[in-house]
Amino acid sequence: MECELYKSINIARPVTGEHTSTLILAHVKYIHRGVIDLTKFKPVARVGDIPNAFRIASPTWAQDEAKIQEALDEAKIREVLATLSLL
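Residues numbered from 1 in each chain as written. Predicted model: local features only at pLDDT ≥ 70, side-chain atom pairs only at ≥ 80, totals over all residues. Heavy atoms only, no water.

**What about the overall build of the chain?**
To keep things clear, this is the line we draw: Per the convention used, a helix needs a DSSP run of H or I reaching at least four residues, while a strand needs a run of E reaching at least two, with both numbered from the N terminus. The classification of residues rests on relative accessible area computed with a 1.4 Å probe and restricted to protein chains. Under 20% of the type maximum is buried, over 50% is exposed, and intermediate values are partly exposed. Residue contacts are counted whenever heavy atoms from the two residues lie within 4.5 Å of one another.
Of the regular secondary structure elements, the chain holds 2 helices and 2 strands. Starting at the N terminus, the α and β elements of the chain follow one another as β-β-α-α. Taking all 87 residues of the chain together, the buried fraction comes to 1%. Sequence-distant contacts in the chain: of pairs separated by 6 or more residues, those separated by 24 or more amount to 23%.

Below you can see the structure in the form of structure tokens.
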């Protein structure tokens, strides 16, 4: 399913006010039928236990910390390079 973001709502614990999750509301733009090549599609979210849906494993910080940090560092480098080219 391809969707366009309509609204995102932060969900907080009533007692502590701690942000625990985000509710995403979206407009469905296209529904794919058949086999989906996840290496080309590169989905950014996972679907719950819905029949005929594909699943994406939930990332964990412990397992993906190095990859995430590397991506953040690369983004910082690109930002600095872009700033220098504007000077």
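Let us keep going from here.
**Quick look at the pairing of strand β1 (residues 2-12)**
This is how the line gets drawn: A pair of strands is considered paired only if DSSP assigns at least 2 bridges between the two.
Where β1 meets strand β2 (residues 19-30), 10 bridges bridge the pair, whose relative direction is antiparallel. Looking at the pairing, Lys-7 lines up with Leu-25 of β2. Counting the residues in the hairpin turn of β1 and β2 gives 6 residues, including Gly-17, whose phi is positive at 75°.

**Observations regarding the pattern of salt bridges**
Applicable threshold: Salt-bridge detection follows one rule: a side-chain nitrogen of Lys or Arg within 4 Å of a carboxyl oxygen of Asp or Glu.
All told, the structure shown has 2 salt bridges when counted by the stated rule. With its nearest N and O atoms 3.2 Å apart, the salt bridge here joins Glu-4 to Lys-29. With Glu-4 in strand β1 and Lys-29 in strand β2, this pair connects stretches of sequence that are 25 residues apart. For Glu-4, a relative accessible area of 41% gives the class partly exposed. Classification of Lys-29 by relative accessible area gives exposed; the value is 53%. One salt bridge connects Arg-13 with Glu-18, and the closest N-O pair in it is separated by 3.4 Å. Note on Arg-13: relative accessible area 48%, which makes it partly exposed. Residue Glu-18 is classed as partly exposed on the basis of its relative accessible area of 46%.

**A closer look at the confidence of the model for the chain**
Filter applied, for reference: What pLDDT expresses is the predictor's confidence in each residue, scored from 0 to 100.
Per-residue pLDDT for the chain has a mean of 75; in total, 72% of the residues score no lower than 70. The weakest mean pLDDT in the chain belongs to helix α1 (residues 38-41) at 70; the strongest belongs to β1 at 88.

**Description of the environment of Ser-21**
Within the secondary structure layout, Ser-21 lies in strand β2. Taking C-alpha positions, Ser-21 is 5.2 Å from Ile-11, a pair spaced 10 residues apart along the chain. If we ignore the near neighbours within four places in the chain, the residues touching Ser-21 are Ile-9, Asn-10 and Ile-11.

**Topic: the environment of Cys-3**
Structurally, the position occupied by Cys-3 is in strand β1. On a C-alpha basis, the gap between Cys-3 and Tyr-30 in space is 7.0 Å, while along the polypeptide they are 27 residues apart. The contacts of Cys-3, once residues within four sequence positions are left out, are Ala-26, His-27, Val-28 and Lys-29.

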